[in-house]
Amino acid sequence: MKKLTFIALLAAPFFASAQSSLKPVIAQKVDALKDKVIAWRRDFHEHPELGNQEVRTAGIVAAHLRSLGIEVQEKVGYTGVVGVLKGGKPGPVVALRADMDGLPVTERGSLPFKSQVTAEFNGQKTGVMHACGHDSHVAILMAVAEILASEKANLAGTVKFIFQPAEEGVYNDKGEMILSGAELMVKEGVLENPKVDVIFGLHIAAGSDNGVLEYKPGATMAAVDQLDIKVKGKQAHGASPWTGIDPIVISSQIVMGLQTIVSRSVNITEDPAIVTVGAIHSGIRQNIIPESSHMIGTIRTFGVEQRQMVHQRIKDIATNIAESGGGKAEVTIGTGYPVTYNNPQLVEKMLPTLQGVNGKERVRTVAAHTGAEDFSFFQQKVPGFFFFLGARPDNKKADEVAGHHTPDFHLDEGHFQVGVKALSSLVVDYMDMAQPKKKK
């Protein structure tokens, strides 16, 4: 059978997710694996590893995949693991991704599986914690692999399991991000041999209703870039500022000027944008006007043209304000992750699957997230659908839970099986879509 193209797949009639004969089997096996998923997650939570250091995690994942009879490739993108499961029937190649890395955060609280791991990051000793839920992503995808491998003979296509390192990025000694795990895996050919047709991924959401699936077609998470501005002035005595050029005053004016980008240059009725200065370093003594100032920050945008415009406005504002004060500004913008973009046609076609898994009332659209995700590098190459699974404790309100990337971050484990069922069902339903329909 000649493989259908993605466009042809989307044009083909789609039958409700219940059509798949594997659905009842998946549901039964998901429930049976519930305790196992939680145990895996707690183990990973207790033993987190920073980006490109996920040796223990990768080893557990690889051993598990091999035990299921899945072809395994290790050390993809440093510590990444890729498993290939070839079904018993021809069909498309569907990729699923989970990120494995922890964060340089020292965990608080008294969980029995609390992280005690420490490491050095950016020249400082720090605790290491799964403060973004990647431990749950890995556990969920391991369960999906176990379920789909048990139904290998009935799968009409191939599944590629991508366990990715360094979603949070890898940084050099200057604190500058070098590469993300997804970017490097793509460069090393993770979407080839066999060539991936479509990719799905989920992210746990600590602030969303427990067990609810959330999604957004189109631009879903922001592109992220790093802002670096160096201002050159002229050092002088603080008692005679007229003899120098004050880089602190210039920097203050630049910070205020940058705020006009979002308020006056961005069409906020179409897409949001953010320009944040996170740090300013200048001076050493109260009565010395320093020679220079250095500020760093983050930029978030949701479109290619918007991204280019915001970058140009930053450069224009900084350099012109500096010149107006007699100084000079050197602007460097480090390009980070692209926009996480959910293919709208793919979302439309696969939405019945999520609704069939969780009920229409527990599948919701959400506004764009200003956080960023390197899943976007996969989506630049193949159509992708990235969605969210709520894990806020039922007795907590959204403003009562600790956010991602914080020491008190906590997940409710009660509905991880929704994620297992969702990813498993997306695979079999997408494969069903690719099969030629019998003529009546």
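Residues numbered from 1 in each chain as written. Predicted model: local features only at pLDDT ≥ 70, side-chain atom pairs only at ≥ 80, totals over all residues. Heavy atoms only, no water.

**Some details on the overall build of the protein**
Counting its regular elements, the protein contains 11 helices and 20 strands. Against the 2.2 N^0.38 benchmark of 22 Å for 440 residues, the protein shows a C-alpha radius of gyration of 24 Å, consistent with a compact globule. With the C-alpha coordinates of the protein rotated into their principal frame, the extents come out at 90 × 50 × 40 Å. Of the contacts formed within the protein by residues at least 6 apart in sequence, a portion of 81% connects residues at least 24 apart. In the form shown here, the protein has an accessible surface area of approximately 19800 Å², with 51% of it arising from carbon and sulfur atoms. (Helix = DSSP H or I, 4+ residues; strand = E, 2+ residues; numbered from the N terminus. Rg over C-alpha atoms; globule rule 2.2 N^0.38 Å. Contact = heavy atoms within 4.5 Å. Areas by Shrake-Rupley, 256 points an atom, 1.4 Å probe, with all protein chains shown as cover.)

**Quick word on the pairing of strand β12 (residues 223-232)**
Most of β12 sits inside the fold, with seven of its 10 residues counted as buried. Alignment of β12 against strand β16 (residues 292-301), held across 10 bridges, turns out to be antiparallel. Considered in β16, the bridge of Val224 is made with Arg300. By the bridge criterion, eight bridges tie β12 to strand β17 (residues 328-335) in an arrangement that is antiparallel. When the bridges of β17 are listed, Val231 appears paired with Ala329. (Buried < 20%, exposed > 50% of the residue type's maximum accessible area, 1.4 Å probe, protein only. Pairing = 2+ DSSP bridges.)

**Comments concerning the packing of helix α9 (residues 344-358) against helix α11 (residues 416-434)**
Running from N to C, α9 and α11 point in directions that differ by 130°, and their axes come no closer than 9 Å. Accordingly, the angle class assigned to the pair α9 and α11 is oblique. Considering how the two elements wind past one another, α9 and α11 form a crossing that is right-handed. Residue-level inspection shows Leu346, Lys349, Met350, Thr353, Leu354, Val357 and Asn358 of α9 in contact with α11, the latter providing Val418, Lys421, Ala422, Ser425, Leu426, Asp429, Tyr430 and Met433. Across the contact of α9 with α11, the residue classes tally to nine nonpolar, three polar and three charged. (Axes fitted to C-alpha atoms, helices over the stretch in contact; angles between N-to-C directions. Parallel < 35°, antiparallel > 145°, perpendicular 65-115°, else oblique. Left-handed = near helix turned anticlockwise from the far one by under 90°. Nonpolar A, V, L, I, M, F, W, Y, C, P; charged D, E, K, R; others polar.)

**Some points on the packing of aromatic side chains**
Enumeration according to the criterion identifies seven aromatic pairs in this entry. Taking 6.4 Å as the distance between ring centres and 75° as the angle between the ring planes, the aromatic pair formed by Phe200 and Tyr430 counts as edge-to-face. Placement of Phe200 in strand β9 (residues 198-209) and of Tyr430 in helix α11 is noted, with a sequence separation of 230 residues between them. When its relative accessible area of 0% is taken as the criterion, Phe200 is described as buried. For Tyr430, a relative accessible area of 0% corresponds to the buried category. Taken together, a centroid distance of 5.9 Å and an interplanar angle of 70° make the contact between Phe375 and Phe378 edge-to-face. Here Phe375 matches Phe378 in class, with each residue buried. (Phe/Tyr/Trp six-rings, centres within 6.5 Å; stacked < 30°, edge-to-face > 60°.)

**Thoughts on the sheet that holds strand β19 (residues 363-365)**
The mixed open sheet is built from eight strands, whose spatial order is β1-β2-β6-β3-β9-β20-β10-β19. Unpaired on one side and paired on the other, β1 (71-76) and β19 mark the two borders of the sheet. Taken pair by pair, the neighbouring strands of this sheet meet at an average axis angle of 25°, ignoring direction. Pairing geometry for strand β3 (residues 89-99) and β9, over four bridges, is parallel.

**Side note on helix α8 (residues 304-324)**
The end-to-end C-alpha separation of α8 is 30 Å, in line with the 30 Å expected for 21 residues at 1.5 Å each. Every buried residue of α8 is listed here: Gln306, Arg307, Val310, His311, Ile314, Ile317, Ala318, Ile321 and Ala322. What you see down the axis of α8 is that its buried residues fit within an arc of 135°, all on one side. Residues of α8 that are exposed and point more than 90 degrees away from the buried face comprise Val304, Glu305, Gln308, Glu323 and Ser324. Its buried side turned inward, α8 meets β12, α7 (247-265), β14 (274-281), β16 and β17. (Expected span 1.5 Å × (residues − 1). Arc of directions from axis to C-beta.)

**Here we look at the confidence of the model for the protein**
Across the protein, the average pLDDT comes to 93, with 93% of residues at or above 70. The low-confidence segment residues 11-19, where pLDDT is below 50, has 14 contacts with residues more than four positions distant or belonging to other chains. (pLDDT = per-residue confidence, 0-100.)

**Regarding the nonpolar core**
Within the largest apolar cluster, 69 residues are counted, with the highest numbers of intra-cluster contacts made by Phe161, Phe163, Phe200 and Phe387. Excluding its chain neighbours within four sequence positions, the residues that come into contact with Phe163 are Val61, Leu65, Gly80, Val81, Ala98, Met100, Val138, Leu141, Met142 and Met185. In this structure, Val93, Met185, Ile199 and Phe386 belong to the second largest nonpolar core, which totals 23 residues. (Core = buried A, V, L, I, M, F, W, Y, C linked by side-chain atoms within 4.5 Å.)

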